[in-house]
Amino acid sequence: MQNTKKELRLKYKSLRKQLSEEEMEEMSLAIANQLLKLNIWDKNYFHVFLPIQEQQEIDTELILHLLSGKDKNILISKSDFESREMTHFLLTDNTQIKKNEYNIPEPVDGIEVPSKKIEVVFIPLLAFDKKGHRVGYGKGFYDKFLGECQAETIKVGLSFFEAEALIEDVHEGDIQLDYCVTPNKIYRF
């Protein structure tokens, strides 16, 4: 079997569908616990994705609790599917969240924060390899967003599954991860 992005997307969407809700909860908790071991907690601006439940994504609620307990600035995004751009808003007690047409939970509005200010980004993905390349849904939102961040912004992928040896069709515009955290392991790149 080839390890192209397209094939990995199919493989991991299928693997995710086989996970029970209980397994996903346990694995999401394990990932949140692994994150505590990373050397990122001196930073202030953290970008977190809100999970698309229909895609069986990692539940980031525990990560939100961690960040909130550590008094960090938490940013969540709104996606523009025409320009493929993400706008980032500070998550506050007053933030209203609504699902868009793709079932992505998004802030309705709020205090906008530029990408350049974000110090740590937690990145959703379907698969990743041992070199820190990742496979997302293929729309390019995160590559564009990460390209707007500072070079020193820490990029942390979150995955239910372990690394593939290699993703064959990586191209230049793909931005590598600094870490990828799974329930059992922290990968450093």
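Calculation criteria
- Sequence order as written defines the numbering, with residues in each chain counted from 1.
- In keeping with the predicted nature of the model, local features appear solely for residues at pLDDT of at least 70, side-chain atom pairs appear and are counted solely at 80 or more, and the whole-chain, interface and lining totals rest on all residues.
- To get the side-chain values, all heavy atoms of the structure are used, and hydrogens and water are removed first.
- Note on pairing: DSSP must find at least two bridges between two strands before they are called paired.
- For the purposes of this entry, the term helix denotes a DSSP run of H or I that reaches at least four residues, the term strand denotes a run of E that reaches at least two, and both are numbered from the N terminus.
- A fitted line through C-alpha atoms serves as each axis, taken over the contacting stretch for helices, and the angle formed by two N-to-C directions is quoted from 0 to 180°.
- Throughout, a contact is declared for two residues whenever any of their heavy atoms are within 4.5 Å.
- In what follows, salt bridge is the name for a side-chain nitrogen of Lys or Arg lying within 4 Å of a carboxyl oxygen of Asp or Glu.
- For the exposure calls, accessible area comes from a 1.4 Å probe over protein chains only, and a residue counts as buried if that area is under 20% of its type's maximum, exposed if over 50%, partly exposed in between.
- Space inside and on the surface of the protein is sampled on a 1 Å grid over the protein atoms alone, with a cavity defined as a set of points where a 1.4 Å probe fits but cannot get out and a pocket as an open set with protein on both sides within 12 Å along at least 5 of 7 lines; lining residues have an atom within 4 Å of a point.
- Grid points are joined across faces, edges and corners, and a volume is the space filled by probe spheres set on the points.
- Residue classes follow a fixed rule: Ala, Val, Leu, Ile, Met, Phe, Trp, Tyr, Cys and Pro count as nonpolar, while Asp, Glu, Lys and Arg count as charged, and any other residue, Gly among them, counts as polar.
- Seen with its strands pointing away from the viewer, a crossover is right-handed when the path leading from the first strand over the helix to the second is clockwise.
- Nonpolar side chains (Val, Leu, Ile, Met, Phe, Trp, Tyr) within 5 Å and like charges within 9 Å form the patches, drawn only from residues with over 30% relative accessible area and no salt bridge.
- The Shrake-Rupley method, run with a 1.4 Å probe sphere, supplies the accessible areas, and residue values consider only the shown protein chains as cover.
- Asp and Glu count as negative and Lys and Arg as positive, but His and the ends of the chain are not part of the count.
- Charge placement uses NZ in Lys and CZ in Arg. For Asp and Glu, CG and CD serve respectively.

A. Looking closely at the sheet that holds strand S3 (residues 85–90). Spatial strand order, S3-S2-S1-S6-S9-S10-S11: 7 strands in an open sheet with mixed pairing. The open sheet has two free edges, formed respectively by S3 and strand S11 (186–188), since each of these has just one partner strand. With strand direction ignored, the average angle separating the axes of adjacent strands in the sheet is 25 degrees. In this structure, strand S10 (residues 179–181) lies alongside S11, joined through 3 bridges in antiparallel fashion. Its bridge partner lying in S11, Tyr179 is registered against Arg188. This element, helix H3 (residues 61–69), spans strand S1 (45–47), strand S2 (73–80), strand S6 (120–124) and strand S9 (154–158) of the sheet and lies at about 135 degrees to S2.

B. Structural view of the pattern of salt bridges. Using the criterion set out here, one finds 6 salt bridges in the structure. Between Lys11 and Glu164 there is a salt bridge, and its shortest N-O distance comes to 2.8 Å. Placement of the pair is Lys11 in helix H1 (residues 5–17) and Glu164 in the loop between S9 and S10, with a sequence separation of 153 residues. Looking at Lys11, the relative accessible area reads 35%, which means it is partly exposed. Under the relative-accessibility criterion, Glu164 is labelled buried at 9%. Lys155 is the salt-bridge partner of Asp178, the closest N and O atoms lying 3.4 Å from each other. With Asp178 in the loop between S9 and S10 and Lys155 in strand S9, the pair connects residues that are 23 residues apart, well separated along the chain. Taking the relative accessible area as the measure of exposure, Asp178 reaches 25% and is therefore partly exposed.

C. Examining empty space enclosed by the protein more closely. Evaluation of the coordinates by the stated rule reveals 2 cavities of 30 Å³ or more. In this structure, the largest cavity spans a volume of roughly 70 Å³. Around the largest cavity, the lining residues are Arg16, Phe49, Glu57, Ile58, Pro124, Leu125, Leu126, Leu158, Ser159, Phe160 and Phe161. Partitioning the lining of the largest cavity into residue classes produces 8 nonpolar, 1 polar and 2 charged. As a volume, the second largest cavity reaches approximately 30 Å³. Looking at side-chain class alone, the lining of the second largest cavity contains 2 nonpolar, 2 polar and 3 charged residues.

D. Molecular detail of the pairing of S2. Relative to S2, S1 runs parallel, the two being bridged by 3 bridges. By the bridge assignment for S2, Tyr45 is matched with Asn73. Once you follow S1 into H3 and on to S2, the crossover reads as right-handed. Where S2 folds back onto S3 in an antiparallel hairpin, the turn is made up of 4 residues, including Arg84, whose phi is positive at roughly 60 degrees.

E. Representation of the side chain of Thr60. Among the structural elements, Thr60 can be located in the loop between S1 and H3. Judged by relative accessible area, which is 0%, Thr60 ranks as buried. Among residues more than four places away in sequence, those in contact with Thr60 are Val48, Phe49, Leu50, Pro51 and Leu158.

F. Just a negative patch on the surface, in detail. Among the surface-exposed residues, Glu21, Glu22, Glu23, Glu25, Glu26, Asp59 and Glu61 lie close enough to one another that they form a single negatively charged patch. You can see Glu26 is positioned in helix H2 (residues 21–35).

G. Seen up close, the pairing of S9. Among the 5 residues of S9, 5 are classified as buried, and the element is accordingly described as predominantly covered. Of the strand pairs in this sheet, S6 and S9 are connected by 5 bridges, and their pairing is parallel. What sits directly across from Phe122, in S9, is Val156. Direction of pairing for S9 relative to S10: parallel, over a ladder of 3 bridges. The partner of Val156 across the bridge, within S10, is Tyr179.

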